[in-house]
Amino acid sequence: MLKKVQEISVLCGVDACGIIYSPEEAVSQVWPQTHDAGRILTEFSNLPELERTRKMTNHLAFLQVRCATLREKVVKKENDNTKLEARALLCEGFGRSDFAELSPNELQVTANTLDNLISNVFGRMMTLSEQAQNGGVVGAGMERGVTKPF
């Protein structure tokens, strides 16, 4: 453990100290030397309360933040998967030339996806129309910025 404290101190270029106390041992383990550790602890103690506690965390708080971050990532991935599944259903429906084999829920998801794609197409058409009215070159750069439906 003290080796890790030393590595953090060296790699981050910061003053650090570690004290390991065990009731079974008569002497505590200290890194760096007791004199230097005492100096570091005194400097830390002299810092204002806000500065001392600003970046402190405990195991519970760390895990809560980590869990919240992971929950957000899971929700984003679920949303991405839902979109991909909807697009796959849309492709399947067009591939069979009908949507007869889709369940009511799959049909609703497919309809919502198709609505979004149509909105994107009309939005892009409006943008191009506005560019043309404002002196932009019609058709130039049409490949850029187009939302790909599949």
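Note that this is a predicted model, so its numbers are computed, not measured.

*Asks:* Help me understand helix H5 (residues 104-133) in this model?
*Replies:* An α-helical turn contains 3.6 residues, so any two residues separated by three or four positions project in the same direction. Across its 30 residues, H5 extends 43 Å between first and last C-alpha, which sits within 8% of the 44 Å expected from 1.5 Å per residue. Regarding H5, the residues found buried are Thr-110, Thr-113, Leu-117, Arg-124 and Leu-128. Downstream of H5 by a residue or two, Gly-135 has a phi angle that is positive, lying close to 90°.

*Asks:* Where do I start with the UniProt feature "coiled-coil region" (unreviewed entry) in the protein chain in this structure?
*Replies:* What UniProt calls "coiled-coil region" (unreviewed entry) maps, in this numbering, to residues 60-87. Across residues 60-87, the secondary structure splits into 100% helix and 0% strand, with the terminal C-alpha atoms separated by 41 Å.

*Asks:* Even after reading the chapter, I still don't get the pattern of salt bridges, so can you show me in this structure?
*Replies:* Opposite charge on two side chains lets them pair, provided their charged atoms get close. Tallied over the entire structure, the rule returns six salt bridges. Its salt-bridge partner being Asp-80, residue Lys-76 comes within 3.3 Å of it at the nearest N-O pair. A residue pair is termed a helical-turn pair when its members lie 3 or 4 positions apart in one helix, as Lys-76 and Asp-80 do in helix H4 (residues 59-96) at four residues. According to the relative accessible area criterion, Lys-76 is exposed, its value standing at 51%. Given a relative accessible area of 27%, Asp-80 falls into the partly exposed group. Residues participating in the shared-partner salt-bridge network are Asp-15, Arg-39 and Glu-43.

*Asks:* Would you mind showing me how to read the layout of surface pockets here?
*Replies:* A water-sized probe rolled over the atoms picks out the places where empty space is left. Roughly 210 Å³ of volume is contained in the largest pocket. For the largest pocket, the full set of lining residues is Asn-79, Thr-82, Lys-83, Ala-86, Arg-87, Val-109, Asn-112, Thr-113, Asn-116, Leu-117 and Asn-120. It is H5 that contributes the most residues to the lining of the largest pocket, six residues altogether. Looking at the lining of the largest pocket residue by residue, the class counts come to three nonpolar, six polar and two charged. Each pocket or cavity is described by its volume, and for the second largest pocket that value is around 170 Å³. In terms of lining residues, the second largest pocket is bounded by Asp-15, Ala-16, Cys-17, Ile-40, Leu-41, Glu-43 and Phe-44. The residue makeup of the lining of the second largest pocket, split by class, is five nonpolar, no polar and two charged.

Basis of the calculations
Residues numbered from 1 in each chain as written. Predicted model: local features only at pLDDT ≥ 70, side-chain atom pairs only at ≥ 80, totals over all residues. Heavy atoms only, no water. Helix = DSSP H or I, 4+ residues; strand = E, 2+ residues; numbered from the N terminus. Expected span 1.5 Å × (residues − 1). Buried < 20%, exposed > 50% of the residue type's maximum accessible area, 1.4 Å probe, protein only. UniProt positions renumbered as here; feature names shortened; annotations may be inferred. Salt bridge = Lys/Arg side-chain N within 4 Å of Asp/Glu carboxyl O. 1 Å grid on protein atoms, 1.4 Å probe; cavity = no way out; pocket = protein on both sides within 12 Å on 5 of 7 lines; lining within 4 Å. Points joined across faces, edges and corners; volume = space filled by probe spheres on them. Nonpolar A, V, L, I, M, F, W, Y, C, P; charged D, E, K, R; others polar.

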